[in-house]
Amino acid sequence: MDLILWRHAEAENLDDGDEDIQRPLTSRGEKQAARMAAWLDRQLPEGLRVLVSPSVRTEQTARALGRKYKLRAELLPGGTVEDLLELAQWPHSRGAVLVVGHQPMLGETAAKLLGMTASQCAIRKGSVWWLRHRKRQEAEETILLSVQSPDFL
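Remember, predicted model here, so these are calculated numbers, not experimental data.

(A) Geometry of the packing of aromatic side chains. Evaluation of the coordinates by the stated rule reveals one aromatic pair. Relative to Trp130, the ring of Trp39 has its centre 6.3 Å away and its plane inclined at 90°; by these criteria the two rings are edge-to-face. Of this pair, Trp39 sits in helix H1 (residues 27–43) while Trp130 is found in strand S5 (residues 128–136), placing the two residues 91 residues apart along the sequence. We note that Trp39, like Trp130, is buried.

Quick look at the structure:
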């Protein structure tokens, strides 16, 4: 199983009285999302499931990919690693799951699966971490296939 973690691209700052989930992408964030979506589109397998936090910035990021997706409230800020892994059906689902979400949940998920501390897995805005679960000679392992930043594509 592949689990692809995509952090939303750069968003507007939170103004007084605004709700965090209503923050849209900046123009730079829109460009980041488009660059990462172009890279992902060349890499992603058919049959991919896409799960997205229902915040404005994550939905805008996911829309850049041009694929169908499901909004899941469990992926909003404040969600847990366990919520994310249950939604993705990790590690038992077949195929690949792309999750478009937020820090610190995405970094904490990567850290847990890779046996690292959460501070070692800070996922930058607009970036993707691609993880794979596999069995080799009766041992199960999670490997990091790729880390991509929209600023270097």
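(B) Here's a closer look at the pattern of salt bridges. All told, the structure shown has twelve salt bridges when counted by the stated rule. Here Asp20 and Arg57 are joined by a salt bridge, their closest N and O atoms 3.0 Å apart. With Asp20 in the loop between strand S1 (2–7) and H1 and Arg57 in helix H2 (residues 56–63), this residue pair connects regions lying 37 residues apart in the sequence. Take Asp20: its relative accessible area is 27%, and that puts it in the partly exposed class. Here Arg67 ties to Asp41 by a salt bridge, and the two come within 3.1 Å at their closest N and O atoms. Of this pair, Arg67 sits in the loop between H2 and strand S3 (70–71) while Asp41 sits in helix H1, and the two are 26 residues apart along the sequence. Through salt bridges with shared partners, a single ionic network connects Glu10, Arg28, Arg35, Arg124 and Asp151.

(C) Summary view of the packing of helix H3 (residues 81–88) against helix H4 (residues 105–114). Axis separation between H3 and H4 bottoms out at 9 Å; the angle between their running directions is 75°. With respect to their mutual orientation, H3 and H4 come out roughly perpendicular. Residues Val81, Glu82, Leu84 and Leu85 of H3 form the contact with H4, whose participating residues are Met105, Leu106, Glu108, Thr109, Lys112 and Leu113. Split by residue class, the contact of H3 with H4 holds six nonpolar, one polar and three charged.

(D) Representation of the pairing of strand S2 (residues 49–52) within the structure. Pairing analysis gives four bridges linking S2 to strand S4 (residues 96–101), with the strands arranged parallel. When the bridges of S4 are listed, Val52 appears paired with Val100. Pairing between S2 and S3: two bridges, direction parallel. Of the residues in S3, the one forming a bridge with Leu51 is Lys70. Once you follow S2 into H2 and on to S3, the crossover reads as right-handed.

(E) Spotlight on the nonpolar core. If you look at the biggest cluster of nonpolar residues, it comprises 22 residues, and the most contacted ones within it are Leu3, Leu5, Leu75, Leu84, Leu85, Val97 and Val99. Listed by contribution, the elements that provide at least two residues to this core are S1, H3, S4, H4 and S5. In this structure, Met36, Leu48, Val52 and Val100 belong to the second largest nonpolar core, which totals 17 residues.

(F) Here's a closer look at H1. Taking 1.5 Å per residue, 17 residues should reach 24 Å; H1 reaches 25 Å between its end C-alpha atoms and fits that length. Listed in full, the buried residues belonging to H1 are Gly29, Gln32, Ala33, Met36, Ala37, Trp39 and Leu40. Mapping the buried residues of H1 onto a view down its axis gives an arc of 165°, with all of them on the same face. Opposite the buried face of H1, by more than 90 degrees, sit the exposed residues Ser27, Lys31 and Arg42.

Thresholds, definitions, all that
Residues numbered from 1 in each chain as written. Predicted model: local features only at pLDDT ≥ 70, side-chain atom pairs only at ≥ 80, totals over all residues. Heavy atoms only, no water. Phe/Tyr/Trp six-rings, centres within 6.5 Å; stacked < 30°, edge-to-face > 60°. Helix = DSSP H or I, 4+ residues; strand = E, 2+ residues; numbered from the N terminus. Buried < 20%, exposed > 50% of the residue type's maximum accessible area, 1.4 Å probe, protein only. Salt bridge = Lys/Arg side-chain N within 4 Å of Asp/Glu carboxyl O. Axes fitted to C-alpha atoms, helices over the stretch in contact; angles between N-to-C directions. Parallel < 35°, antiparallel > 145°, perpendicular 65-115°, else oblique. Contact = heavy atoms within 4.5 Å. Nonpolar A, V, L, I, M, F, W, Y, C, P; charged D, E, K, R; others polar. Pairing = 2+ DSSP bridges. Right-handed = clockwise from strand over helix to strand, strands pointing away. Core = buried A, V, L, I, M, F, W, Y, C linked by side-chain atoms within 4.5 Å. Expected span 1.5 Å × (residues − 1). Arc of directions from axis to C-beta.

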